[in-house]
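Observations on the model geometry
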Amino acid sequence: MSNGWNTFVTDFRFVFIQDDRWKSLFQGLGNTLVITFFAVMIGIVLGAIVATVRTTYDKNNGDMKKRNPVGFYILSIANVICKLYLTVIRGTPVVVQLMIAYFIIFATSNNSTAVAVFAFGINSGAYVAEIIRGGIMSIDEGQFEAGRSLGFNYGQTMIYIIIPQVFKVVLPTLCNEFIVLLKETSVAGYVGIMDLTKAGDIIRGRTFSAFLPLLGVAAIYLVMVVILTALVGCLERSLRKNER
Amino acid sequence: MSDKNVLIQVTDLKKHYNKGEIKALDGVSLEIDQGEVVVIIGPSGSGKSTLLRSLNLLEEPTSGQILVDGVDITDPKVDINVHRQKMGMVFQHFNLFPNMTVLRNMTIAPMKLLHKSKGEIEAKAMELLRMVGLEDRADAYPSQLSGGQKQRIAIVRALCMEPEILLFDEPTSALDPEMVGEVLDVMKNLAKEGMTMAVVTHEMGFAREVASRVVFMDAGTIVEQNTPQEIFEHPQSERLQNFLAKVL
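Figured I'd write up the structure that's included with this text. (Residues numbered from 1 in each chain as written. Chains lettered and ligands numbered in written order. Predicted model: local features only at pLDDT ≥ 70, side-chain atom pairs only at ≥ 80, totals over all residues. Heavy atoms only, no water.)

So, about the interface of chain A and chain B. Listed as interface residues are 24 residues of chain A and, on the opposing side, 32 residues of chain B. Carbon and sulfur atoms supply 54% of the area buried between chain A and chain B, which totals about 2400 Å² over both sides. Contact with chain B buries surface across chain A, with Arg67, Ser149 and Leu150 of chain A losing the most and accounting together for 28% of the total. For Arg53 of chain B, the salt bridge goes to Glu145 of chain A, with nearest N and O atoms at 2.7 Å. The greatest single-element share of the side of chain A that touches chain B, amounting to seven residues, is contributed by helix H6 (residues 141-149) of chain A. Classifying every residue of the side of chain A that touches chain B gives six nonpolar, nine polar and nine charged. (Contact = heavy atoms within 4.5 Å. Buried area = accessible area lost by both parts, 1.4 Å probe. Salt bridge = Lys/Arg side-chain N within 4 Å of Asp/Glu carboxyl O. Helix = DSSP H or I, 4+ residues; strand = E, 2+ residues; numbered from the N terminus. Nonpolar A, V, L, I, M, F, W, Y, C, P; charged D, E, K, R; others polar.)

Before going further, it helps to spend a moment on the pairing of strand S8 (residues 196-200) of chain B. All names here are of chain B. Of all five residues that make up S8, five are buried, and the element is covered over most of its length. Residues Thr196, Ala198 and Val200 of S8 are buried on one face, and the alternating residues Met197 and Val199, pointing to the opposite face, are buried as well. In this sheet, S8 lies alongside strand S3 (residues 37-41) in parallel orientation, the contact comprising four bridges. Residue pairing for S8: Val38 is matched across the bridge by Ala198. Taken together, strand S7 (residues 165-169), helix H6 (residues 177-192) and S8 form a β-α-β motif whose crossover is right-handed. (Buried < 20%, exposed > 50% of the residue type's maximum accessible area, 1.4 Å probe, protein only. Pairing = 2+ DSSP bridges. Right-handed = clockwise from strand over helix to strand, strands pointing away.)

This part takes up helix H7 (residues 154-184) of chain A. Residues and elements named next belong to chain A. Taking 1.5 Å of rise per residue, the 31 residues of H7 would be expected to cover 45 Å, yet its terminal C-alpha atoms sit only 37 Å apart, more than 12% below that figure. Along H7, the sharpest change in direction is near 50° and occurs at Ile162; proline Pro164 comes one to four residues later. One side-chain oxygen at the N-terminal end of H7 lies 3.1 Å from the backbone nitrogen of Gly155; it belongs to Asn153. (Expected span 1.5 Å × (residues − 1). Bend = angle between axes of the 7 residues up to and from the residue. Polar contact = N/O pair within 3.5 Å; in protein donor to acceptor, adjacent residues only side chain to side chain.)

And the structure:
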């Protein structure tokens, strides 16, 4: 027992402490968090815009065609673009999208982290858009009618009546999407970014030992996800409390 | 009825679905005067809800004219939102906002749309709540209310906008029987105070007692309209006679 423990401590020292290898692990973790955070920001903004276009089109196409034909024409085009975006992004693997962004679209850029933020943000936006759209569609049509019958226009009805209700519905799902995103960034190594996974892999190469570096990386992801999940749980509970 | 004041004038209103295959409204003309209580009855699928929902354009008619205060609201250039502020609506399923308190439900529209001060509109809301006997529920959420209470709140929510007319779309159809009375009582009081109302309902007792005019619809058209007494005691058309035989 104590012999096994001693071996573990020796291995641990060799793999993580020697040559300050833990520093590259933390550097990788930092990159992972930076990419995730900014990709989430892009995802929320982009997703909200796409969801707004899609639901506005779905809910107003009869009414608007008659009252505002020019606006309706513009909205129709925007809707087609959004649909195309959703199909392409959700229909292709995120690794491929990342490589296309890095080797084709931004081939001349040498800021690979920014490229990764862009690629993951664009990717996440598609999923966020569908989550928000699902949330809006889940609100009873009577809520829209009540808002409109009081004299609110479509935009006001959305802002004052619908969005606050949607927020509650989608928040847990949205947070889960971001937990998924955190783990998805582990493919960033494909374009030469040293994220958490890549850092572990480099250590594996240097030490010729796969066990501890990879398990260490896995443990760090797991801890982050557990913390995030707990936070989402708290949020959900406090939202439910407000209801009644 | 010499100096009557026409509030709503509907002319040859049609609402077709599936390129005319289904005719929910097939040429309806109707006039609603100020202070009148018009009760619309008829079998389900007769177009009475469609007609009522057309009056504030929740349902976009296929053709025809709806004049409100002399303005044709079917004209695409007319700002329908301004007119809807003057036309309160009460729904079968209440449609209260579940994430807001009773008071917030009532005050949000007047605050945002009429730009009234919070104090002013809350005082008015409390007064209305007292009128329907729910002043102690101002801070409750809709999920904490009974169906009858919800519908009474929905009525005063509409009243907070100080509408010229109230539209009721089967306001008691989703209620437990013992709660129908409390909602009808509120409506009766409003009628007594001179509120203009258009009511789609299956409550024949209410129609008989409160209506100034009863409109009988069938298959997307108005078959007969008259005083409640004439409608219920001397129905002219066979369709109305059959209908009354079933519901009375």
